[in-house]
Amino acid sequence: MTLQISRRGKEYLKTAQTLLYSASRMTDRAVAAQLKALAGTYERRAEEASHVDAAKALARAAADAERGALFEGGRT
(Lines give C-alpha, C1' and ligand atoms only; values in the text may rest on other atoms or scores of the structure.)
Protein backbone atom coordinates (compact mmCIF):
# COMPACT_ATOMS: atom_id res chain seq x y z
CA MET A 1 0.00 0.00 0.00
CA THR A 2 1.38 3.36 -1.02
CA LEU A 3 0.61 6.34 1.16
CA GLN A 4 0.30 9.68 -0.54
CA ILE A 5 1.66 12.66 1.31
CA SER A 6 -1.05 15.03 2.49
CA ARG A 7 -0.89 18.79 2.02
CA ARG A 8 0.02 19.16 5.67
CA GLY A 9 2.72 16.50 5.28
CA LYS A 10 4.13 18.32 2.26
CA GLU A 11 4.46 21.48 4.33
CA TYR A 12 6.37 19.58 7.01
CA LEU A 13 8.67 18.13 4.34
CA LYS A 14 9.23 21.57 2.86
CA THR A 15 10.30 22.81 6.30
CA ALA A 16 12.59 19.80 6.73
CA GLN A 17 14.22 20.50 3.36
CA THR A 18 14.78 24.13 4.32
CA LEU A 19 16.37 23.07 7.60
CA LEU A 20 18.63 20.58 5.83
CA TYR A 21 19.66 23.21 3.30
CA SER A 22 20.48 25.63 6.12
CA ALA A 23 22.43 22.91 7.93
CA SER A 24 24.49 22.25 4.79
CA ARG A 25 25.52 25.92 4.73
CA MET A 26 26.46 26.11 8.42
CA THR A 27 30.08 26.40 9.46
CA ASP A 28 29.23 25.63 13.10
CA ARG A 29 28.92 21.84 13.25
CA ALA A 30 26.95 21.86 16.49
CA VAL A 31 24.29 24.13 15.02
CA ALA A 32 24.25 22.09 11.80
CA ALA A 33 23.70 18.90 13.81
CA GLN A 34 20.79 20.50 15.68
CA LEU A 35 19.23 21.64 12.41
CA LYS A 36 19.58 18.14 10.97
CA ALA A 37 17.95 16.64 14.06
CA LEU A 38 15.12 19.14 13.79
CA ALA A 39 14.72 18.29 10.09
CA GLY A 40 14.38 14.62 11.08
CA THR A 41 11.62 15.57 13.49
CA TYR A 42 9.78 17.40 10.72
CA GLU A 43 10.15 14.40 8.40
CA ARG A 44 8.55 12.19 11.06
CA ARG A 45 5.78 14.75 11.52
CA ALA A 46 5.16 14.70 7.77
CA GLU A 47 4.70 10.93 7.83
CA GLU A 48 2.46 11.03 10.90
CA ALA A 49 0.37 13.86 9.49
CA SER A 50 -0.13 11.98 6.24
CA HIS A 51 -1.24 8.86 8.12
CA VAL A 52 -3.66 10.85 10.28
CA ASP A 53 -5.04 12.77 7.30
CA ALA A 54 -5.53 9.52 5.35
CA ALA A 55 -7.37 7.95 8.29
CA LYS A 56 -9.61 11.00 8.62
CA ALA A 57 -10.39 10.94 4.89
CA LEU A 58 -11.24 7.24 5.09
CA ALA A 59 -13.51 7.83 8.09
CA ARG A 60 -15.29 10.65 6.26
CA ALA A 61 -15.77 8.44 3.20
CA ALA A 62 -17.16 5.62 5.34
CA ALA A 63 -19.55 8.00 7.09
CA ASP A 64 -20.69 9.42 3.75
CA ALA A 65 -21.24 5.90 2.40
CA GLU A 66 -23.25 4.96 5.49
CA ARG A 67 -25.41 8.06 5.18
CA GLY A 68 -25.95 7.28 1.50
CA ALA A 69 -26.96 3.70 2.32
CA LEU A 70 -29.45 4.93 4.92
CA PHE A 71 -30.88 7.40 2.46
CA GLU A 72 -31.19 4.81 -0.30
CA GLY A 73 -32.62 2.26 2.13
CA GLY A 74 -35.94 4.02 2.37
CA ARG A 75 -35.32 6.89 4.73
CA THR A 76 -36.29 9.96 2.75
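Scroll up to find the structure this text is about.
J.: Help me get a handle on the side chain of S6, residues and values and all.
T.: Tracing the chain through its elements places S6 in the segment before helix 1 (7-25). Residue S6 is classed as buried on the basis of its relative accessible area, which comes to 13%. Apart from residues lying up to four places away in sequence, S6 is in contact with A49, S50 and D53.

J.: I'd like a rundown of the environment of Q4, residues and numbers included.
T.: Relative to the helices and strands, Q4 is located in the segment before helix 1. A relative accessible area of 68% means that Q4 is categorised as exposed. It is 9.5 Å that separates the C-alpha atoms of Q4 and E47, two residues lying 43 residues apart in sequence.

J.: Give a description of the pattern of salt bridges that names residues and reports values.
T.: In this structure the tally under the stated criterion is 2 salt bridges. D53 is the partner of R8 in a salt bridge, and the nearest nitrogen-oxygen pair spans 2.8 Å. Highlighted residues: R8 in helix 1 and D53 in helix 2 (residues 29-72), separated in sequence by 45 residues. Residue class for R8 comes out partly exposed when judged on its relative accessible area of 38%. Between D64 and R67 there is a salt bridge, and its shortest N-O distance comes to 2.3 Å. With a gap of 3 residues between them, D64 and R67 both fall in helix 2, about one helical turn apart. Residue classification places D64 among the partly exposed positions, given a relative accessible area of 45%. Judged by its relative accessible area of 52%, R67 falls in the exposed class.

Calculation criteria
Residues numbered from 1 in each chain as written. Predicted model: local features only at pLDDT ≥ 70, side-chain atom pairs only at ≥ 80, totals over all residues. Heavy atoms only, no water. Helix = DSSP H or I, 4+ residues; strand = E, 2+ residues; numbered from the N terminus. Buried < 20%, exposed > 50% of the residue type's maximum accessible area, 1.4 Å probe, protein only. Contact = heavy atoms within 4.5 Å. Salt bridge = Lys/Arg side-chain N within 4 Å of Asp/Glu carboxyl O.

Function cannot be read off these values alone, since they describe shape.
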